[in-house]
Amino acid sequence: MTNSDPYEIRQYEPADRDAFLDLFADVLGGRMGTDWFTWKYERNPYVNHVPILVAQRDDELVGARAFFPLRLAAGDDEFSAFQPCDSMVRPEHQRRGLFTRLTERAIDRYDDADLFFNFPNHRSLPGNLKLGWRVASERETYYRIQNPTAWLPQLEPVEPIVRSLASGYVSIRDRFADPTDAVELSRYDRVPSSLLATLASSETIPEFHVVRDETFYEWRFANPLWTYRTIVATRDGAPVAAVVYGRRDRTSGPTVARILDVLPLAAGTSSSPFPSRQATLAALLDAVLRETGDADVIAAPGSVVPRSVLRSRGFHSDQRAPLKWGTSPSTHVVRPAGTPPLDWTRSGAQLADGANWRLAFCEVDSG
């Protein structure tokens, strides 16, 4: 910071925590709390520091660029990845280049990482592209709307009728869905880290995906703002598939349940260990729907749950009418770490090709 430059860009310090939480509440909305901050930033197992850069003017924290570090894999190769998240600048300090300066400092700070990837909306996408990110794909989410009045408040005057119609629609779709596979289901009011890590290790996935080991499961699903449940499918006593779903009940807005992780990630083939993956996932999805009947909306990742299974159970894509008119889909963007010239390949695959990625929801910093 100089006389001509009133802003200091620096690494987060422990004394900044309360100011960061205040900034979050003022800019992004919602009071998150110290337990959330401890989980997300202080206990992240992939770094030995709090991965946040801040912008300060005088004694005030006016901006921040935070990161959600993860381990990725493609085949037998592993990579360190940083996901930008919780980026914020106070309105009165915007349009002064702070977002750019924070991001450029982060690129320098984490030049020993392998890559950055994240999911900006249409408002923040241009800033990412300007700083060297490329679009890998449009991120498709499927929604099953069980209470349209929560999604569209203008329907509240006719809520009983709308609820009845929505309930009838999804019930019909459920009744005519394809018969599910004959598997036994076990339910957990938590995330069984060891079991899921063992199931994940049974497959080798050539696409970029998050490393699903015990470290990941024990940390990722400790978010204190969410409640998680797991359903595991077994055949002949052996686990063959699993789904983790979560929900965050709010005092306002719709109650949303999210299908956060799905195993196996790889598509089943006649020669794979999971030849009937689609039928097994259908059985797991049916169980989730039975347990989340009171949720206003259920969201599922279109990239790892077969779209035919989702559509047959009343889910609709946010990339098609009518949901595309009322949602804000995000874009999957990526950038190799370091400074130009950049190598856009890892494990012989193009980072900026969405076909080379297998992502559920658990890779996203929220939820």
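- The name recorded for the protein chain in an unreviewed UniProt entry is N-acetyltransferase domain-containing protein, from Haloterrigena salina JCM 13891.

Some details on the overall build of the protein chain
Phase 1: Counting secondary structure elements, the protein chain contains 10 helices and 17 strands.
Phase 2: Across the 367 residues that make up the protein chain, the buried fraction comes to 53%.
Phase 3: Of the contacts made within the protein chain by residues no fewer than 6 positions apart, 73% connect residues no fewer than 24 positions apart.
Phase 4: By element, 48% of the accessible surface of the protein chain is carried by carbon and sulfur atoms, the whole surface being about 16,800 Å².

Observations concerning the packing of helix α1 (residues 17–27) against helix α2 (residues 34–42)
Phase 1: Where α1 meets α2, the axes come as close as 11 Å, and the angle between the chain directions of the two elements is 105 degrees. With respect to their mutual orientation, α1 and α2 come out roughly perpendicular. In this structure, α1 uses Arg17, Phe20, Leu21 and Phe24 to contact α2, whose residues at the interface are Thr34, Trp36, Phe37, Thr38, Tyr41 and Glu42.
Phase 2: Looking at side-chain class alone, the contact of α1 with α2 contains 6 nonpolar, 2 polar and 2 charged residues.

Describing the sheet that holds strand β14 (residues 316–317)
Phase 1: With mixed pairing, 7 strands are arranged side by side in an open sheet as β8-β10-β11-β12-β13-β7-β14. Only two strands of the sheet have a single neighbouring strand rather than two, namely β8 (184–188) and β14.
Phase 2: The sheet strands contacting helix α7 (residues 193–200) are β8, β10 (227–235), β11 (238–248) and β12 (256–263), and the helix crosses β11 at an angle near 125 degrees.
Phase 3: Along the sheet, helix α9 (residues 277–291) contacts β7 (141–145), β8, β10, β11, β12 and β13 (297–301); its crossing angle with β10, the most-contacted strand, is approximately 140 degrees.

Here's the deal with the confidence of the model for the protein chain
Phase 1: Confidence along the protein chain averages 89 in pLDDT terms, with 88% of residues attaining 70 or more.
Phase 2: Under a pLDDT of 50 for its full length, residues 154–170 has, in the predicted model, 16 contacts with residues more than four places off or in other chains.
Phase 3: The model gives residues 268–272 a pLDDT under 50, and that stretch makes 4 contacts with residues more than four places away or in other chains.

As for α9
Phase 1: In this model, α9 (15 residues) spans 21 Å end to end at C-alpha, consistent with the 21 Å of a helix rising 1.5 Å per residue.
Phase 2: The element α9 is extensively covered by neighbouring structure, given that 11 of its 15 residues are classed as buried.
Phase 3: Those residues of α9 that sit buried are Arg277, Thr280, Leu281, Ala282, Ala283, Leu284, Leu285, Asp286, Ala287, Val288 and Leu289.

Digging into the environment of Lys324
Phase 1: Counting through the fold element by element, Lys324 comes out in the loop between β14 and β15 (331–336).
Phase 2: With a relative accessible area of 44%, Lys324 lands in the partly exposed category.

Looking at the pattern of salt bridges
Side-chain pairs of opposite charge can arise whenever the charged atoms involved come near each other.
Phase 1: Applying the stated criterion to the full structure yields 17 salt bridges.
Phase 2: Note that Arg31 and Asp22 form a salt bridge whose closest N and O atoms lie 2.8 Å from each other.
Phase 3: Here Arg90 makes a salt bridge to Glu60, at a shortest N to O gap of 3.3 Å. Placement of the pair is Arg90 in the loop between β4 (77–89) and α3 (98–109) and Glu60 in strand β3 (residues 60–74), with a sequence separation of 30 residues.
Phase 4: Connected via shared salt-bridge partners are Arg187, Asp189, Arg229 and Glu291.

Quick look at unusual backbone geometry
Phase 1: Each neighbour pair has its own omega, and for Leu263 with Pro264 the value is 0 degrees, a cis peptide bond.
Phase 2: Summarising the element assignment, Pro264 is placed in the loop between β12 and α9.
Phase 3: For the bond from Ala321 to Pro322, the omega torsion is 5 degrees, close enough to zero to count as cis.
Phase 4: Relative to the helices and strands, Pro322 is located in the loop between β14 and β15.
Phase 5: Notably, Asp86 is not glycine yet its phi reads approximately 50 degrees, a positive angle.
Phase 6: Tracing the backbone shows Asp86 in strand β4.
Phase 7: Among the residues examined, Asp86 registers a relative accessible area of 12% and is labelled buried.
Phase 8: Of note in this structure, Ser347 is not a glycine but carries a positive phi near 55 degrees.
Phase 9: Here Ser347 lies in the loop between β16 (345–346) and β17 (349–350).

Comments concerning the packing of aromatic side chains
Phase 1: All chains considered together, the criterion is met by 23 aromatic pairs.
Phase 2: Relative to Trp357, the ring of Phe117 has its centre 5.4 Å away and its plane inclined at 40 degrees; by these criteria the two rings are tilted. Taken as a pair, Phe117 in strand β5 (residues 115–118) and Trp357 in the segment after β17 lie far apart in primary sequence, 240 residues in all. For the pair Phe117 and Trp357, a shared accessibility class is recorded, and that class is buried.
Phase 3: Ring geometry for Phe208 against Trp357: centres 5.1 Å apart, planes inclined by 45 degrees, an arrangement best described as tilted. Within this pair, whereas Phe208 is found in the loop between α7 and β9 (209–210), its partner Trp357 is found in the segment after β17, the two being separated by 149 residues in sequence.
Phase 4: Put simply, the rings of Tyr12, Phe20, Phe24, Trp36, Phe37 and Tyr41 touch in pairs and so form one group of aromatic residues.
Phase 5: Above the face of the Trp133 ring, Arg335 is positioned so that its terminal group lies 5.8 Å from the ring centre.

Basis of the calculations
- Residues numbered from 1 in each chain as written.
- Predicted model: local features only at pLDDT ≥ 70, side-chain atom pairs only at ≥ 80, totals over all residues.
- Heavy atoms only, no water.
- Helix = DSSP H or I, 4+ residues; strand = E, 2+ residues; numbered from the N terminus.
- Buried < 20%, exposed > 50% of the residue type's maximum accessible area, 1.4 Å probe, protein only.
- Contact = heavy atoms within 4.5 Å.
- Areas by Shrake-Rupley, 256 points an atom, 1.4 Å probe, with all protein chains shown as cover.
- Axes fitted to C-alpha atoms, helices over the stretch in contact; angles between N-to-C directions.
- Parallel < 35°, antiparallel > 145°, perpendicular 65-115°, else oblique.
- Nonpolar A, V, L, I, M, F, W, Y, C, P; charged D, E, K, R; others polar.
- Pairing = 2+ DSSP bridges.
- pLDDT = per-residue confidence, 0-100.
- Expected span 1.5 Å × (residues − 1).
- Salt bridge = Lys/Arg side-chain N within 4 Å of Asp/Glu carboxyl O.
- Phe/Tyr/Trp six-rings, centres within 6.5 Å; stacked < 30°, edge-to-face > 60°.
- Lys NZ or Arg CZ within 6 Å of the ring centre and 35° of its normal.

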